[in-house]
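Report on the structure
One-letter residues, chain by chain:
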Amino acid sequence: MKKILLLLLLVPCIATAQFKDILKKATEKTAVLTNSNTSLDIAEGLRDALNKGVTEQVSKLTKTDGFYNNEAVKIIMPEELVKVDRTLRKIGMADLADDGIKALNRAAEDAVKEATPIFVSAIKNITITDAKSILMGSDNAATTYLQTSTTKPLYAKFSPVVQTSLGKVGADVIWDSIITKYNSLPFVAKVNPDITNYVTNKALEGIFKMITIEEKNIRNNLNARTSDVLKRVFALQDKK
């Protein structure tokens, strides 16, 4: 009976000790995360992760069929031109429609290859205002922050590269032929799509999707943390 009473008396003490231990760890963690030097370290780690996304994943888009054979980022016929695609196929011009889609993807592959330094520079110069919350956020929090912060200036720099690439791979000629043939058909509403704008936006979407893949990998796979700063920073995330 005495042993039972003693145990009952000890339970609150044990619970209090456990609570104090949890509180201490939480306080220590908060102190680490609020340290200004740690914040700078976290920002560096996030930039390193995003840059690794370009190195490991976006580089795959620059290869032949990097867009075309990747269903996650493949550029398909613009929604407003689906009727053009269907019409061409109905009148026996399926090959021309297929060539048009392939040409858009070839242009994106070439443009990303030429513009990779633009994305690296954007990551290097990005100001991460709330690094701690990004680190402790969702699996794609850093990529989302990059996308929100840089899409407009990236578009301005990337669009001319896309336009050049469209000409370089012959996509402009193919699409001029597609639109000319379609507009020459009787009883169709004339179309005049902005292919440069379309490819630029779709290529940017693909780039951010590929960076997201690497960010998720770094967050969830210890072996993907290939630098000291990645190991140090994302170890903080592991403790959340």
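Residues numbered from 1 in each chain as written. Predicted model: local features only at pLDDT ≥ 70, side-chain atom pairs only at ≥ 80, totals over all residues. Heavy atoms only, no water.

1. Digging into the overall build of the protein chain
Broken down by element type, the protein chain carries nine helices and zero strands. Moving toward the C terminus, one meets the helices and strands of the protein chain in the order α-α-α-α-α-α-α-α-α. In the protein chain, which comprises 240 residues, the proportion classed as buried is 40%. Partitioning the intrachain contacts of the protein chain with sequence separation of at least 6 by distance along the chain shows that 80% fall at a separation of at least 24. Accessible surface, the protein chain as shown: approximately 13,500 Å² in total, 57% of it carbon and sulfur. (Helix = DSSP H or I, 4+ residues; strand = E, 2+ residues; numbered from the N terminus. Buried < 20%, exposed > 50% of the residue type's maximum accessible area, 1.4 Å probe, protein only. Contact = heavy atoms within 4.5 Å. Areas by Shrake-Rupley, 256 points an atom, 1.4 Å probe, with all protein chains shown as cover.)

2. Overview of the confidence of the model for the protein chain
Overall, the prediction assigns the protein chain a mean pLDDT of 86, with 84% of residues at 70 or greater. When mean pLDDT is taken per element in the protein chain, helix α8 (residues 195–220) scores highest with 97 and helix α1 (residues 2–34) scores lowest with 43. Across residues 1–34, where pLDDT falls below 50, the model places 13 contacts with residues more than four positions away in sequence or in other chains. (pLDDT = per-residue confidence, 0-100.)

3. Observations regarding the packing of aromatic side chains
This model, assessed by the stated rule, comprises one aromatic pair. Taken together, a centroid distance of 5.4 Å and an interplanar angle of 70° make the contact between Phe119 and Phe158 edge-to-face. With Phe119 in helix α4 (residues 94–125) and Phe158 in helix α6 (residues 141–168), this residue pair connects regions lying 39 residues apart in the sequence. Residue classification places Phe119 among the buried positions, given a relative accessible area of 4%. Here Lys74 stacks its cationic end above the ring of Tyr68, 4.5 Å away from the centre of that ring. (Phe/Tyr/Trp six-rings, centres within 6.5 Å; stacked < 30°, edge-to-face > 60°. Lys NZ or Arg CZ within 6 Å of the ring centre and 35° of its normal.)

4. Comments concerning the pattern of salt bridges
If charged atoms from side chains of opposite charge come close, those side chains can pair. Counting across every chain of the model gives eleven salt bridges. A salt bridge links Arg232 to Asp41; the nearest nitrogen and oxygen atoms lie 2.7 Å apart. With Arg232 in helix α9 (residues 228–238) and Asp41 in helix α2 (residues 36–61), this residue pair connects regions lying 191 residues apart in the sequence. Residue class for Arg232 comes out partly exposed when judged on its relative accessible area of 43%. Relative accessible area serves as the criterion here: at 17%, Asp41 is assigned to the buried category. The salt bridge partner of Glu205 is Lys202, with a shortest N-O separation of 3.2 Å. Within this pair, Glu205 and its partner Lys202 are both found in helix α8, separated by three residues, close to a single helical turn. In this structure, a network of salt bridges that share partners links the residues Asp65, Arg106 and Glu109. (Salt bridge = Lys/Arg side-chain N within 4 Å of Asp/Glu carboxyl O.)

5. Brief notes about helix α3 (residues 82–90)
Along an α-helix, residues three or four positions apart point the same way, because every turn accommodates 3.6 residues. Residues of α3 that are buried include every one of Val84, Asp85 and Leu88, and no others. All buried residues of α3 lie within an arc of 100° about the axis, which places them on one face of the element. Of the surrounding elements, those touching the buried residues of α3 are α4 and α7 (171–183). Immediately beyond the C-terminal end of α3, within one or two residues, lies Gly92, with a positive phi of roughly 80°. (Arc of directions from axis to C-beta.)

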